[in-house]
Amino acid sequence: MKKILLTFAAMLSFSATTLAQSIAIIPDANADELQGIGLSRDGRFVCGSTYNYDGFIANWTTGEVKVLAAEDLVYGCELRSVSNTGVATGFDGPAITVDLAGNKTKLTEDESIGECITSDGTLVVGSMTSETYYTHACYWKDGVLTMLPEPTSEEIGFEVSGSSAKYVSADGSVIVGQVIDNMASYPAIVWTLGEDGTYTLNLLSKGMFTDDWDDYETPYVTFTATGVSSNGRYIALTLQTNATSADAWDYRSTIGRYDLQEGTIEEAETDGSSEYSSCGIADDGTVVGYGGGWMERVGFIWKPGSSTMVTLSSEYPTITKLASYDSILSNTVIGISADGNYIMGFGMDPETYVYETYVLDRNLATGISSAAADAKEVKEVARYTIDGAKISTPSKGLNIVKMSDGTTKKVIVK
């Protein structure tokens, strides 16, 4: 049986003409079925795993690809994040780093995972597995292991059985992760670097997430971080809103953007007919991801200043490779570069059922202009409490702010 999660096979050969096109296929001359999982912040490097559970790292601008044979025959090798210097991190038994030449370094001999790496490749965040098989958030700075503070159940307000550090800003000043809750929805937490060189824990999910389905005051039953912008300002979220009462089954799947600087949450508007997952976020807050079922999955982009997400096929109608369902099945968008110029994802040829990993160059792509919308100034027009009462000034707790473009923000007032 093929590995379903993030499976790719790019049978097309790489040529210089690829660089002149708006979309490039990661070369897969040996039919390893490359599974792209990580995109470097500058958009040059892609890393991931193969059908045979080996790891790979590639520079798509030169066509160079290195496949790393797995030593761990049980879990295999998987590379999850790659720096601008071409160094990737992941696991092959324990957490590792590896470069395009195939030079591999084990960060520890114990069971662990490297999840994300800084732009210069000097700091890796991830998790260590305890004797009780729970994971606990940590980081390696220049190869030295340090455990990150973990919230207790009493501190955060719901059951905690471990944690993991999943994403890190370009300079390592912001680490975004998750706690292991009893619903396996992995609520978001954040660590910020202080002047003394240590990280302080931010209980981001406190008051936002509930594991009690009889609690209708807390806004979300899924509040999972799926990425952090390179500048450390924005966090991409996958959300499921809570029902308002026992009789109101109005749970809704959507994506969100949390502004750490302003302490605000924005939700993309949806019709509630599909589930959505965000996968990456650029420095300006542009979010990418996918929605729909496995075969019907389509990639989307959600721009700042817009209340709704749009499919890549509608954003770039001239690129037939992105056409939903006709030219690509299961179009799963995985990442976006820091400047937002490059988007990486994968999809399946509907005739051959062969997976292809692509990198889209938005500078070369012909899209639909939104310059007029982007230039329009957006202002606050109304503010409400969580129970819907209109207020004229900020009120302590969660405020709902309506903007002039029709979008709403959730603002935490302390």
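Here the structure is a predicted model, which is why all the values come from computation and not from measurement.

(A) Representation of the overall build of the protein chain within the structure. The secondary structure content of the protein chain amounts to three helices and 32 strands. Across the 414 residues in the protein chain, those meeting the buried criterion constitute 53%. Sequence-distant contacts in the protein chain: of pairs separated by 6 or more residues, those separated by 24 or more amount to 45%. When the accessible surface of the protein chain is split by element, carbon and sulfur atoms take 50% of a total near 18,100 Å².

(B) Geometry of the confidence of the model for the protein chain. The pLDDT averaged across the protein chain works out to 86; a share of 88% of its residues lies at or above 70. Contacts of residues 1–20 to residues separated by more than four positions or lying in other chains number 65 contacts, the stretch itself having pLDDT below 50. This stretch, residues 369–376, has a pLDDT under 50; its non-local contacts, to residues over four places away or in other chains, come to two contacts.

(C) Just the pattern of salt bridges, in detail. Counting across every chain of the model gives eleven salt bridges. Residues Arg80 and Glu78 are paired through a salt bridge, measuring 2.7 Å at the closest nitrogen-oxygen approach. We classify Glu78 as buried; its relative accessible area is 12%. The salt bridge partner of Lys104 is Asp92, with a shortest N-O separation of 2.8 Å.

(D) Fine view of unusual backbone geometry. In this model, Asp142 sits at a positive phi of 50 degrees, which is unusual for a non-glycine residue. Examined against the element boundaries, Asp142 turns out to sit in the loop between strand 12 (135–141) and strand 13 (144–147). On the basis of relative accessible area, Asp142 is assigned to the exposed category, the value being 58%.

(E) Main features of the sheet that holds strand 6 (residues 77–82). Read across the open sheet, the four strands follow the order 6-7-8-9; overall the sheet is antiparallel. Either end of the sheet is taken by a strand with one partner, and the two such strands are strand 6 and strand 9 (104–106). Across the sheet, the mean angle from the axis of one strand to that of its neighbour is 30 degrees, orientation sign disregarded. The sheet contact formed by strand 7 (residues 87–92) and strand 8 (residues 95–99) spans five bridges and is antiparallel.

(F) Molecular detail of the environment of Ser314. Secondary-structure assignment places Ser314 in helix 2 (residues 312–315). Residue classification places Ser314 among the partly exposed residues on the basis of a relative accessible area of 34%. A polar atom in the side chain of Ser314 sits 2.9 Å from the backbone oxygen of Thr311.

(G) Representation of the environment of Tyr51 in the model. Within the secondary structure layout, Tyr51 lies in the loop between strand 3 (45–49) and strand 4 (55–59). By relative accessible area, Tyr51 is classed as partly exposed at 30%. With 20 residues separating them in the primary sequence, Tyr51 and Ala31 have C-alpha atoms 9.1 Å apart.

(H) Spotlight on empty space enclosed by the protein. According to the stated counting rule, one finds one cavity of 30 Å³ or more in the structure shown. Its boundaries defined by the atoms lining it, the largest cavity holds a volume of some 30 Å³. The wall of the largest cavity is formed by Ile25, Lys321, Ile328, Gly347, Met348, Glu356 and Tyr358. Breaking the lining of the largest cavity down by element, the ones donating at least two residues are strand 27 (342–348) and strand 28 (355–361). Classifying every residue of the lining of the largest cavity gives four nonpolar, one polar and two charged.

(I) Up close: the packing of aromatic side chains. Overall, the coordinates contain five aromatic pairs when judged by the stated rule. Centre to centre, the rings of Tyr220 and Phe223 are 5.5 Å apart; their planes meet at 35 degrees, and the pair counts as tilted. Side by side, Tyr220 and Phe223 carry an identical accessibility label, which is buried. Ring geometry for Tyr276 and Phe300: centres 6.2 Å apart, planes at 75 degrees, overall edge-to-face.

(J) Local environment of the pairing of strand 2 (residues 35–39). Along strand 2, five of the five residues are buried, which leaves the element largely enclosed by surrounding structure. Bridge count between strand 2 and strand 3: four bridges; the pairing is antiparallel. Bridged to Gln35 within strand 3 is Ser49.

Rules and cut-offs
- Residues numbered from 1 in each chain as written.
- Predicted model: local features only at pLDDT ≥ 70, side-chain atom pairs only at ≥ 80, totals over all residues.
- Heavy atoms only, no water.
- Helix = DSSP H or I, 4+ residues; strand = E, 2+ residues; numbered from the N terminus.
- Buried < 20%, exposed > 50% of the residue type's maximum accessible area, 1.4 Å probe, protein only.
- Contact = heavy atoms within 4.5 Å.
- Areas by Shrake-Rupley, 256 points an atom, 1.4 Å probe, with all protein chains shown as cover.
- pLDDT = per-residue confidence, 0-100.
- Salt bridge = Lys/Arg side-chain N within 4 Å of Asp/Glu carboxyl O.
- Pairing = 2+ DSSP bridges.
- Axes fitted to C-alpha atoms, helices over the stretch in contact; angles between N-to-C directions.
- Polar contact = N/O pair within 3.5 Å; in protein donor to acceptor, adjacent residues only side chain to side chain.
- 1 Å grid on protein atoms, 1.4 Å probe; cavity = no way out; pocket = protein on both sides within 12 Å on 5 of 7 lines; lining within 4 Å.
- Points joined across faces, edges and corners; volume = space filled by probe spheres on them.
- Nonpolar A, V, L, I, M, F, W, Y, C, P; charged D, E, K, R; others polar.
- Phe/Tyr/Trp six-rings, centres within 6.5 Å; stacked < 30°, edge-to-face > 60°.

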